[in-house]
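Examining the three-dimensional arrangement
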Amino acid sequence: MEKKRAQWSSKLGFILAAAGSAIGLGNIWKFPGRAYEGGGGSFLLIYLFIVVLLGIPLMLTELALGRASQTNIVNTFKKLGYKQHSWVGWIGVIGAFIITCYYSHVGGWVLRYVFSYAFEAPAIYRDSLGYFYNMLGLHADGTTSIPWTALFFAALFMLLNAVVIIRGVEGGIEKFNKFGMPALFLLLIILLVRSVTLPGAEAGVKYMLSLDLGKVTVNTFFSALGQAFYSLSIGMAILVTYGSYLSKSEDMIKNTAVVCGMDTLVAVLAGFIIVPAVFATLGSGEVGKGGGFAFVSLAGVFAEMPGGRIFGVLFYLLLLFAALTSCISLIESIVAFLTEEFGWTRKRTTIILCLILFLIGCLYTCSQAAIPLKGIWYDGVNGITHPALCDFMEYLTDRIMIPLCALGCCIFVGWVWKPESIIAEVEQSGFRFRLAKAYTVLIRFVAPAAILAILILSIFSGVTLS
Ligand code: PHE
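What counts and how
- Counting of residues starts from 1 at the beginning of each chain's written sequence and follows it residue by residue.
- It should be noted that, the model being predicted, local features are given only for residues of pLDDT at least 70 and side-chain atom pairs only at 80 or more, the latter also being counted only at that level, while totals for whole chains, interfaces and linings use all residues.
- Only DSSP runs of H or I reaching four residues or more are called helices, and only runs of E reaching two or more are called strands; each is numbered from the N terminus.
- Atoms counted for the radius of gyration: C-alpha only. Globule rule: 2.2 Å times the number of residues to the power 0.38.
- Any residue with 12 or fewer other C-beta atoms within 10 Å of its own C-beta is exposed, any with 20 or more is buried, and the rest are partly exposed; the C-beta atoms used are placed from the backbone.
- Residues are treated as contacting if the C-beta atoms built from their backbones sit within 7 Å of each other.
- Using a C-beta atom placed from the backbone, a residue is described as near a molecule or strand when that atom lies within 6 Å of it.
- Three categories are distinguished: nonpolar for Ala, Val, Leu, Ile, Met, Phe, Trp, Tyr, Cys and Pro, charged for Asp, Glu, Lys and Arg, and polar for the others, with Gly belonging to the last.
- When buried Ala, Val, Leu, Ile, Met, Phe, Trp, Tyr and Cys residues are joined through C-beta atoms within 7 Å, the set is termed a nonpolar core.
- The convention used is that axes are lines fitted to C-alpha atoms, helices contributing only their stretch in contact, and that angles between N-to-C directions extend from 0 to 180 degrees.
- Roughly parallel means an angle under 35 degrees; roughly antiparallel, over 145; roughly perpendicular, 65 to 115; everything else is oblique.
- Here, expected helix span is obtained from the residue count minus one, scaled by 1.5 Å.

1. Topic: the overall build of the protein
Regarding its fold elements, the protein presents 19 helices and 2 strands. Taken over C-alpha atoms, the radius of gyration comes to 21 Å for the protein, in line with the 23 Å a tight globule of 466 residues would show. A principal-axis box enclosing the C-alpha atoms of the protein has dimensions of 60 × 50 × 45 Å. Put simply, the protein has 466 residues, and 53% of those count as buried. Sequence separation of 24 or more characterises 82% of the internal contacts of the protein that already satisfy a separation of 6 or more.

Take a look at the structure:
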């Protein structure tokens, strides 16, 4: 007899877990930099437009696929009667696997920085780049060593994930998010108030509200599109898996809109924290994006800000919660696949999987500076190149695997399984899908065209997706 499948115990549990997956490092350290580059307010508008037009329908599609099939993403296609489309699911889990290898290590660095600001803030302020490199095993005299500190904290971060996941969907993931997400919002509000009340912050706030159309280019659209996908966790196995734990009596449209809304709210708030704080302390033009910015340049902001050390600890705690809840969703989707397909126990699967993910992740951390490991990449501008393994892992997932899996889902739903099936799934238990016609056009034509454009552009013009 089949075992009863795990389910979220409440609507709130699901919403917080899905929002926890979506709200991650992407929202807090990537979004503000991109918003700054795209002209502040004008980027926000474009981003909102994309979330509404593509983000919500695509998230709904993945969640509904999961809820209809009641299984992990690889098995979803088989269960719906289209085994030949399982490749989409495979890209999803393999992509989630690779992302987790590095996401968990970056999560470890974030954990390290919570302690760094608590105990070693002066050392960071003295030489933030040196401090960061030192953690990664590159020293001031040019010598390198194995980055034991970074690896140790990555192991600790992974352990936190494993503890939550072993406890299961309801007892672990749902419970953790019920505590982690409110904590995250509280930290956001504290940091927001600190940032916008800094002397000189108004210029940053104004910038974020200004419509500087001169800064908007075609790339701004693609930047917003890539950001929206990454930020909403679209194009990986995650949403299908989380949807599969959702009760049939839930209103999927409302839930999806709430999750997308929360994700966008956090990204926008992070923009209003970081941009004004940088304007007030380092001056405009210093807003950067990505890990280097979060670990290095932001130190200047905390050094200048009254009470900076405490706010530094709070900021990295915020990042830590964001990273944990996203990483948990990534690992859960692989665990769901392994336990269901091979019949392994949750505990054993989680322990072995986390160990493997951590070990592969060590190559990611070591290739930052300590060991010259390389990948292989091709793009239309630079031809064949050999980027550092760490960059290669990010390229491969952000630029190829995420859009490919998302495209596969759109084509499957739009043309094979048919939008009517999603509409029927959504309309279960008496809900009405008012925009069903618009959804059909979007999923069949607009979404695949937009995703195809990102895929081609990212390969041929070297434009980054994340
Ligand atoms: N959405 C997460 C973020 O914004 C990242 C993520 C991507 C998580 C894909 C899971 C799957 O950081």
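2. What about the site of the ligand?
Not every one of the 15 residues close to the ligand is listed here, only the nearest: Gly 24, Gly 26, Ser 233, Met 236 and Ser 326. Counting residues per element, the ones that place at least two in the shell around the ligand are helix 1 (11-22), helix 2 (25-37), helix 11 (218-231) and helix 15 (308-342). Of the residues belonging to the shell around the ligand, the class tally is 7 nonpolar, 8 polar and no charged.

3. Considering the nonpolar core
The biggest cluster of nonpolar side chains holds 159 residues, and the ones touching the most others in it are Met 59, Val 275, Leu 318, Leu 319, Ala 323 and Ala 406. Residue contributions to this core peak at 19 residues, all from helix 15. Aside from chain neighbours lying at most four places away, what touches Leu 318 is Ile 28, Leu 184, Leu 187, Leu 188 and Leu 191.

4. Observations regarding the packing of helix 3 (residues 41-69) against helix 19 (residues 436-460)
Here helix 3 crosses helix 19 at 105 degrees, and the two axes come no closer than 10 Å. Considering the angle they form, helix 3 stands roughly perpendicular to helix 19. Contacts from Leu 54, Pro 57, Leu 58 and Thr 61 of helix 3 reach helix 19 at Tyr 439, Leu 442, Ile 443, Ala 447 and Ala 450. For the contact of helix 3 with helix 19, the class distribution of residues is 8 nonpolar, 1 polar and no charged.

5. So, the packing of helix 11 against helix 19
Look at helix 11 against helix 19: their axes get within 11 Å of each other, and the N-to-C directions meet at 105 degrees. When the axes of helix 11 and helix 19 are compared, the pair comes out roughly perpendicular. In this structure, helix 11 uses Phe 222, Leu 225 and Gly 226 to contact helix 19, whose residues at the interface are Ala 450, Ile 454 and Leu 457.

6. Some thoughts on unusual backbone geometry
We note that Gln 70 has phi near 55 degrees; this positive angle belongs to a residue other than glycine. Tracing the sequence through the fold places Gln 70 in the loop between helix 3 and helix 4 (73-79). Note on Gln 70: 16 C-beta atoms within 10 Å, which makes it partly exposed. With a phi angle near 80 degrees, Lys 418 is a residue other than glycine that sits in the positive phi range. Following the sequence through the fold, Lys 418 ends up in the loop between helix 17 (389-416) and helix 18 (419-426). Look at Lys 418 and you get partly exposed, because 15 C-beta atoms sit within 10 Å.

7. Thoughts on helix 11
The terminal C-alpha atoms of helix 11 lie 20 Å apart, and with 14 residues this matches the ideal 20 Å at 1.5 Å per residue to within 8%. Where helix 11 is concerned, the buried positions are Ser 223, Ala 224, Leu 225, Gly 226, Gln 227, Ala 228, Phe 229, Tyr 230 and Ser 231. Of the surrounding secondary structure, the elements contacted by the buried residues of helix 11 are helix 1, helix 2, helix 3, helix 13 (252-281), helix 17 and helix 19. In the stretch just after helix 11, Ser 233 is the one whose phi turns positive, near 60 degrees.

8. A short note on the environment of Glu 62
One can find Glu 62 in helix 3. Taking the C-beta count within 10 Å as the criterion, Glu 62 has 30 such neighbours and is therefore assigned buried. With residues near it in sequence (within four places) discarded, Glu 62 still touches Ile 234, Leu 239, Val 240, Gly 243 and Cys 409.

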